[in-house]
Structure formats: C-alpha cells, structure tokens
Amino acid sequence: MTQRYGDIAFEDRMSQVDFRVAGNAHIVVDTDVCRSCTTKACVHACPAKLFVPTDDGGILFNYEQCFECGTCYLVCDGGNAISWSYPDGGQGVVFRHG
Amino acid sequence: MRDRAGPAAEAVTVRRPEAADFDAVVVGAGPAGSAAALELARAGHSVALVERGPFPGSKNVYGGVVYGRILDELIPDWYERMPVQRWITRRQTMLLSGDRSLTVDFRSQNWGRAPYNGATTYRAEFDSWLAGHARAAGAVLVPSTVATALLRTADGQVVGVRTDRPDGDLTARVVIACDGVNSFLGKQAGLHPDEQAAHTTLGVKETLALPRETIEERFGVTGTDGVDIEILGGTSGVPGGGFLYTNRDTVSVGLVLGLPGLAKAGLRPEEILAELKQHPSVRPLVRGAEVVEYSAHLIPEGGYRSMPRLGGNGLLLAGDSAAMCLAAGIWLEGVNFALGSGMYAGRAAANGLRSGGPAVLGEYRRLLEKSFVLADHKKLRDAPGLVLSERVQHRYPGLVCDLAEGMFTVDNPRPKPGLRRLLRRAARHNGVRMRELARDALTGLRSFG
Ligand SMILES: Cc1cc2nc3c(=O)[nH]c(=O)nc-3n(C[C@H](O)[C@H](O)[C@H](O)COP(=O)(O)OP(=O)(O)OC[C@H]3O[C@@H](n4cnc5c(N)ncnc54)[C@H](O)[C@@H]3O)c2cc1C
Ligand code: SF4
Ligand code: SF4
C-alpha cells in the first residue's frame, strides 16, 4: 500500500520478520459481529495490520503474520468477535532482535 | 479456542495426583521464569521450565536495556558472561513539542566498567543465556510447548498445568506463572482485576541497521559504550512515549502507546513511529538506516495500583504476569523487576517445598516488599497515572519548550524577561493553570523525589 513519509512499505516491513506459519489459524474473527461494530478499533491498533475492512462493513482477517501481542482482543468492542489464542508450541513469530 | 491458551481457556479440574512429576513447574522462560527456575534448581528441587517459543526469547520484545544490579545476586559474574550489545554510559531524556526538543543528557564513564549499570542486549540472546543458567543448575527446559490451562483439584489447589503436547499434563507441587503480560494462567486463577486494556500499552519497535562507526559518530560513544534515550512527546497525541537505544550495529527505535488512546486516535502505530523518526532531533540519528526487524509486544503500565493478587493455592505470579513492569516516563524497566520477582518467587517456593507445604504466598510477598520490587512500585504508584495524564502528555512538553525557548532566544534590544514571567506566559500559552502545575509538581516530587 502507501509509502508515507518516505518510510518503507508495510509489506517490506513485515517481510523482515520470521514467521513459522502454522497450518491452522490461532485467531479467528467473526465478520458477522464486525459488521455491526462502529469503532473498528482493531483496524488501526493491530501493529501487523491484519484486520482489513471489507466493502460490506465486515473484516477480512489473516492470522499468518501475527505478532501474538494481544492488542486486538483487548481493544475489540465486539465482545465475542475475536476467538484468540496463542499458536501451538514452536509455531508463529520468531523474533531475533526483540 | 477453549482448549488453547487464550482469554477463553479455563482451568481443568483433576484429582490430586499421587506423586507429582516435578516439585515445581514454571511457565514462561522470560527473565522472571528463568530466574525462578534457577533459584529452585539451585535449592535442589526438580523444575520444569515450559516455554511456548522454539527457544527462550523468540516471542519476546523490549526496548533494549537490561539494568543488571539485580543480577549481582542471581549470577555474580554476570557482566563477564552476559551477551551484551553495548554498555550504557549515556542516558538522555528528550522532551518533544512540535519540531522543538529539550534534552537532559547525562554521561558517566563509571557505567562503562565493572560492575556496570545497564546494557543493551537482544532478548533472543539474553533470555536464552539466562535459561541456560537455569538448565545448568538442573532445570528441565521444555520449549515449543504452550501451557494451555491450570490443573486444579476440586477444592481449588493448583497441581500442575496442561500443555499442548500429547499426554501433556505436567503435575507439580507448586506452579509459578511467569507467562507475561497476557497471563492467561493468572486470569484462569481469577487473580487479575478487570479493565486490563486501560492499564496496557502497545510497544512497537524497529531495529535499524547502521555501521558501527556511524553509530559511534552519531551518538558520541566509542568501543562498547552505548546510549539510552527515553522520549516524552512525539506520539502524535496518543498517550505514551518513545525510546531509542544503541546496539553494536543496529539502533532500536520505538514507541509505547496507550491502548485506549491508540484505539480512539485512528492512527496506525507504524505511522506514528514514522512521524517520530522525522522529528529534527531524531532524524539525524536514524537517517538512512534500514529496518532489519519490526516487532510489537504489550506492556503492563499500570504499576502498583493495577497489580493482581500475587498467587495462592499453590500458584505464584511473577514479572509482567503480575504487572511488575515499571513504566513511568524516564524509566522503562521490566526485565530487572521480572528478574527480582522471579528470583523471590523461586526462593519462596523452594522454602515452602522444603518445609513440606506450599504455603508460600506470604513469604513471597514479604521478600518482594523488602526489596526494590514492591518498594519502588509502592513509591511510584501515582507515577504511571501522572505520566500518562493529559497535562504531562499534551501540555507540559510545550510548556517546557516554551520556557527554554524564552530563556535561550536573544531578542535584543528588549530586556531579558524574568523566569517567573516566562513561566506564567508558557503556562498560559499551553493552557496550564499554575495551581495544577503546583499540584502535579507535588505528586511528581512525592513519586520521584
Ligand atoms: C516495547 C517494549 C520496551 C521495553 N523496554 C524495556 C527496557 O528497555 N528495559 C526493561 O528492563 N524492560 C523493558 N520492557 C519491559 C520488559 O520487556 C518486560 O517487563 C519483561 O520482559 C517481563 O519479563 P517476564 O519474564 O515477566 O515476561 P516475558 O519476558 O514476557 O516472558 C514471558 C514468557 O512466557 C512465555 N509464555 C507466555 N505464555 C505461555 C504459555 N501459556 N505457555 C508457555 N510459555 C508461555 C513467553 O513466550 C515468554 O517467553 C519493555 C517492554 C516492551 C514491550
Ligand atoms: S474491533 Fe472487534 S468487532 Fe470491531 S471490527 Fe474489530 S474485531 Fe470486529
Ligand atoms: S495479536 Fe497483535 S499482531 Fe496478532 S492480530 Fe492481534 S493485534 Fe494483530
């Protein structure tokens, strides 16, 4: 997407991070609940930019490049919109310079 | 997701095991967990140290400085062996307002030699190093394994943890949850107050590559010396702060952003960070550097007033799982508090095991209160609120920069204004009442003084 302030593109930023992507999703978002959400707080707050608004007012979510931080379930207004868990042991993000 | 580690998971009720697999199970091989496991193993107890990452530190993110004094007690010659990037010999606090800045800059070469004060290090290296000490003392490290639930008897005694391995129940006489800021185990035990989001900040960080010589030139250090900069302001109006630390051939620049403010602001974290990197006082330090890693992690910012109960019924909490990170403006210290609390949890548990019963919570609390862990947190209990307050966040940086600008601007032929007049003018200009200023100064003095 955009290159604001001459900073790097978001995909390039994420491509530097090592992810051991699991076969199954550790976070699932119920887009039906999202459709009635007015804040869409997750869209801005998720540092990995994984919550993408869809034309019909819902959310498209992909778990693969997740930092496993917990921001989304804490800011979510939709009660049970997000089923959140850590990936299985050994899977998911691997930070080298954390 | 009830059978995985998350907010919806619940404790599992089991029968009291006849013989436990281990004397103690410690969950999480961060600084708190490894310190606890090390202390227990040294006392001769069998310990399992369960870590969900493929190696200790792989899931962990911080700004970059470990303040090592507490390590003197845990690993006496730590500074000869710890994987260090740079020793901090220069600490700055930078106040940003618009494109202005005021910096307090302190340097001490004493910090560049033994016993040192603090060092930058990557968590992948530091956490692995520390867990290595626990292993060498006899603890069993169980990596790539998530503790998904507490095992509890019908009468509420914690007797182990369930893991995501096949037949993965690990029973123990005492469980120490060092599972970090999200602490799903602590929540299963009902120890945490509600309203976590209000006391939580999101930390985002870029690790930027720069040649060693460039870092030394830009930051005014040589050899293995390094710089630690805390930043107030520069968060595009979201309550929080920033940091900038030097490693050997990278610098870490990042932000700490209050979750409620971030959710409301409609700004993205990396955009706010890009804006900070454009500030005239920050840009020359990071210019031209390439991002080698982008990372994010939550911080429990609430301090003393937001701490959960510290355990009970065979369970203890230490480190971020007990909100023991100290985040108050000029300080961002969590690793040393995690090391201290983990060590005392391990010590209290070891003493409890030796005397037959795991009634260790009282002793744990006593050890914490006698040490910096709870002493500092009690003293600074009003600091997180003050630092994240509207005035400190939005008005004081402007006030201080106005004041500095008034003092340093030479506008002859007009006579120089007196300090009192400058202060009144700066306060008025930034919408601060003198009475509020006096009150905050008092709170600040009580906390920091
Ligand atoms: C951006 C940022 C900057 C910071 N800067 C500094 C700084 O400069 N200096 C400083 O001292 N502190 C800093 N801190 C704070 C510091 O990082 C924390 O306070 C510290 O890491 C807490 O240690 P801990 O052992 O309690 O938790 P953690 O370091 O979070 O360790 C918890 C461990 O438990 C594991 N785990 C969690 N759940 C499970 C489970 N269910 N099963 C198995 N394993 C599990 C995790 O993988 C992890 O290894 C910063 C924090 C952030 C986010
Ligand atoms: S905040 Fe929650 S309910 Fe709202 S859009 Fe995001 S995930 Fe859906
Ligand atoms: S856990 Fe963090 S990185 Fe992952 S989806 Fe939620 S907010 Fe985004």
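Residues numbered from 1 in each chain as written. Chains lettered and ligands numbered in written order. Predicted model: local features only at pLDDT ≥ 70, side-chain atom pairs only at ≥ 80, totals over all residues. Heavy atoms only, no water.

### Some thoughts on the overall build of chain B
Logical step 1: The secondary structure content of chain B amounts to 16 helices and 20 strands.
Logical step 2: Here the C-alpha radius of gyration of chain B, 23 Å, is about what a compact globule of 449 residues would show, namely 22 Å.
Logical step 3: Its C-alpha atoms put chain B at 90 × 45 × 40 Å along the principal axes.
Logical step 4: Of the roughly 18,000 Å² of accessible surface on chain B, a fraction of 51% belongs to carbon and sulfur atoms.
Logical step 5: Taking the average location of the 54 positive side-chain charges in chain B and that of its 48 negative ones, the two points are 7 Å from each other. (Helix = DSSP H or I, 4+ residues; strand = E, 2+ residues; numbered from the N terminus. Rg over C-alpha atoms; globule rule 2.2 N^0.38 Å. Areas by Shrake-Rupley, 256 points an atom, 1.4 Å probe, with all protein chains shown as cover. Lys, Arg positive; Asp, Glu negative; His and termini not counted. Charge placed at Lys NZ, Arg CZ, Asp CG, Glu CD.)

### Looking at the site of ligand 3
Logical step 1: Taken together, 14 residues surround ligand 3, and among them A:Cys46, A:Cys66, A:Phe67, A:Cys69 and A:Cys72 come closest.
Logical step 2: Tallied by class, residues from the shell around ligand 3 come to eleven nonpolar, two polar and one charged. (Near = heavy atom within 4 Å. Nonpolar A, V, L, I, M, F, W, Y, C, P; charged D, E, K, R; others polar.)

### Let's talk about the site of ligand 2
Logical step 1: Neighbouring residues of ligand 2: A:Cys34, A:Cys37, A:Lys40, A:Ala41, A:Cys42, A:Ile59, A:Cys76, A:Asp77, A:Gly78, A:Ala81 and A:Ile82.
Logical step 2: Looking at side-chain class alone, the shell around ligand 2 contains eight nonpolar, one polar and two charged residues.

### Describing the domain arrangement of chain B
Residues and elements named next belong to chain B.
Logical step 1: As assigned here, chain B comprises domain 1 (12–85 + 121–193 + 308–380), domain 2 (198–300) and domain 3 (389–448).
Logical step 2: The partner domain 2 presents 17 residues to the 20 residues of domain 1 that form the contact.
Logical step 3: Carbon and sulfur atoms supply 59% of the area buried between domain 1 and domain 2, which totals about 1,600 Å² over both sides.
Logical step 4: Together, Val 61, Gln 85 and Val 181 form the three largest contributors to the area buried by domain 1 at its contact with domain 2, with a combined 34%.
Logical step 5: Taken together, the links from domain 1 to domain 2 amount to zero salt bridges.
Logical step 6: Linking domain 1 with domain 2 are five residue pairs in polar contact (both at pLDDT 80 or more).
Logical step 7: Split into classes, the residues belonging to the side of domain 1 that touches domain 2 amount to eleven nonpolar, seven polar and two charged. (Domains from an automatic or database assignment. Contact = heavy atoms within 4.5 Å. Buried area = accessible area lost by both parts, 1.4 Å probe. Salt bridge = Lys/Arg side-chain N within 4 Å of Asp/Glu carboxyl O. Polar contact = N/O pair within 3.5 Å; in protein donor to acceptor, adjacent residues only side chain to side chain.)

### Thoughts on the interface of chain A and chain B
Logical step 1: Facing 47 residues of chain A, the contacting portion of chain B comprises 55 residues.
Logical step 2: Both faces considered, chain A and chain B share a buried interface measuring about 4,200 Å² in area, 56% of it formed by carbon and sulfur atoms.
Logical step 3: Ranking the residues of chain A by area buried against chain B places A:Tyr86, A:Phe95 and A:His97 at the top, with a combined share of 18%.
Logical step 4: Between chain A and chain B we count four salt bridges in total.

### Some thoughts on the packing of helix 1 (residues 31–42) of chain B against helix 4 (residues 123–136) of chain B
Residue and element names in this part refer to chain B.
Logical step 1: Packing of helix 1 against helix 4 leaves a shortest axis separation of 8 Å and a crossing angle of 15 degrees. As summarised for this structure, helix 1 and helix 4 are arranged roughly parallel, according to the angle between their axes. The way helix 1 lies across helix 4 gives a crossing that is left-handed. For the pair helix 1 and helix 4, contact is made by Pro 31, Ser 34, Ala 37, Leu 38 and Ala 41 and by Arg 123, Asp 127, Leu 130, Ala 131, His 133 and Ala 134, respectively.
Logical step 2: In the contact of helix 1 with helix 4, the residues fall into seven nonpolar, two polar and two charged. (Axes fitted to C-alpha atoms, helices over the stretch in contact; angles between N-to-C directions. Parallel < 35°, antiparallel > 145°, perpendicular 65-115°, else oblique. Left-handed = near helix turned anticlockwise from the far one by under 90°.)

### As for the confidence of the model for chain A
All names here are of chain A.
Logical step 1: For chain A, mean pLDDT is 92; residues scoring 70 or higher make up 94% of the total.
Logical step 2: Ranking the elements of chain A by mean pLDDT puts helix 1 (residues 10–15) last, at 93, and strand 6 (residues 92–94) first, at 98.
Logical step 3: Overall, residues 1–5 carries pLDDT values under 50, and its contacts beyond four positions in sequence, including any with other chains, amount to nine contacts. (pLDDT = per-residue confidence, 0-100.)

### A closer look at unusual backbone geometry
Residues and elements named next belong to chain B.
Logical step 1: At the junction of Ala 114 and Pro 115, the peptide bond is cis and its omega measures out at 5 degrees in the coordinates.
Logical step 2: Looking at where Pro 115 falls in the secondary structure, it is placed in the loop between strand 6 (100–107) and strand 7 (118–120).
Logical step 3: Residues Asn 412 and Pro 413 are joined by a peptide bond in cis, for which omega reads 5 degrees.
Logical step 4: Mapped onto the secondary structure, Pro 413 falls in the loop between helix 14 (390–408) and helix 15 (419–429).
Logical step 5: One non-glycine residue, Ser 236, lies in positive phi territory at about 50 degrees.
Logical step 6: Tracing the backbone shows Ser 236 in the loop between strand 13 (225–232) and strand 14 (240–246).

### With respect to the packing of aromatic side chains
Between two aromatic rings, the relevant description is the distance of the centres plus the angle of the planes.
Logical step 1: Counted by the stated rule, this structure contains 18 aromatic pairs over all chains.
Logical step 2: When the ring of A:Tyr86 is compared with that of B:Phe184, the centres are 5.4 Å apart and the planes differ by 65 degrees; the resulting orientation is edge-to-face. Of the two residues, A:Tyr86 is situated in the loop between strand 5 (82–84) and strand 6 and B:Phe184 in helix 5 (residues 184–188); the pairing between them involves two chains. Judged on exposure class, the residue A:Tyr86 and its partner B:Phe184 are both buried.
Logical step 3: With a centroid separation of 3.6 Å and an interplanar angle of 15 degrees, the aromatic rings of B:Trp87 and B:Tyr116 are classed as stacked. Placement of the pair is B:Trp87 in strand 5 (residues 86–97) and B:Tyr116 in the loop between strand 6 and strand 7, with a sequence separation of 29 residues.
Logical step 4: On the basis of relative accessibility, which here comes to 7%, the residue B:Trp87 falls in the buried class.
Logical step 5: On the basis of relative accessible area, B:Tyr116 is assigned to the buried category, the value being 17%.
Logical step 6: Members of the aromatic cluster, joined through ring pairs, are A:Phe10, A:Phe19, A:Phe67, A:Phe95 and B:Tyr294. (Phe/Tyr/Trp six-rings, centres within 6.5 Å; stacked < 30°, edge-to-face > 60°. Buried < 20%, exposed > 50% of the residue type's maximum accessible area, 1.4 Å probe, protein only.)

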